[in-house]
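This is what each chain is made of:
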Amino acid sequence: MSPARDNEETKSMTDDVPQLLYSLNDAGKPIAIIERRIEASQAEVLIRYPGMLDGHLTLELAKMVNHFARKFQYEVIADPAAFAEAYRAQIASEEPEANFQQGNPRLRDFGMPDLDSIQPPQFDGKELVFYAKSVNLGVPYRAEVEIDGQTIGKAKYVPMQMGPIP
């Protein structure tokens, strides 16, 4: 393949990446804002960006599903290695002997998940699986949702099993 052709393919792939921001409308319902000007529903985003359903934009699909399912309660874990490093660093910075404090959760209060099992978002054409971090607690959840064409089912968030802190 020629360098010019490589650049054309790279350009077309990056041009297709949605420029989406997530927000809430005046009624508190989740919306996507396309290219900083168009308010859109989940269905409208899928119509505008069909590549989200063909496996090329799985991270973007996970972010959209996450927002419409849980608003701002969770953040999709896009980089499992960076998440694992940050989780371990936070655990290491917490005082092991400190008592539990209501309203001030620590990762040590929950335990250690199997950080190696966290994967980037995956979509097989029917089911989207991704991991997300609770914004309030910092702990990871596994999320699954069935997708049938442009119909997205209800996302299920399951907390990861926690083990003892090593």
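Residues numbered from 1 in each chain as written. Predicted model: local features only at pLDDT ≥ 70, side-chain atom pairs only at ≥ 80, totals over all residues. Heavy atoms only, no water.

(A) Representation of the confidence of the model for the protein chain within the structure. Counting all residues, the mean pLDDT for the protein chain is 87, and 90% of those residues have values of 70 or more. A low-confidence stretch, residues 1-15 (pLDDT under 50), is modelled with two contacts involving residues beyond four sequence positions or located in other chains. (pLDDT = per-residue confidence, 0-100. Contact = heavy atoms within 4.5 Å.)

(B) How the structure looks around the pairing of strand S2 (residues 30-34). Of all five residues that make up S2, five are buried, and the element is covered over most of its length. Here strand S1 (residues 20-24) pairs with S2 via five bridges, running antiparallel. Residue pairing across strands places Leu20 opposite Ile34, the latter belonging to S2. Connecting the antiparallel pair S1 and S2 is a turn made up of five residues, with Gly28 showing a positive phi of about 85°. Pairing of S2 with strand S3 (residues 38-40), which is carried by three bridges, proceeds in the antiparallel orientation. Counterpart to Ile33 in the pairing with S3 is Glu39. Hairpin geometry of S2 and S3 is characterised by an intervening segment of three residues between the two adjacent antiparallel strands and by a positive phi of about 50° at Glu35. (Buried < 20%, exposed > 50% of the residue type's maximum accessible area, 1.4 Å probe, protein only. Helix = DSSP H or I, 4+ residues; strand = E, 2+ residues; numbered from the N terminus. Pairing = 2+ DSSP bridges.)

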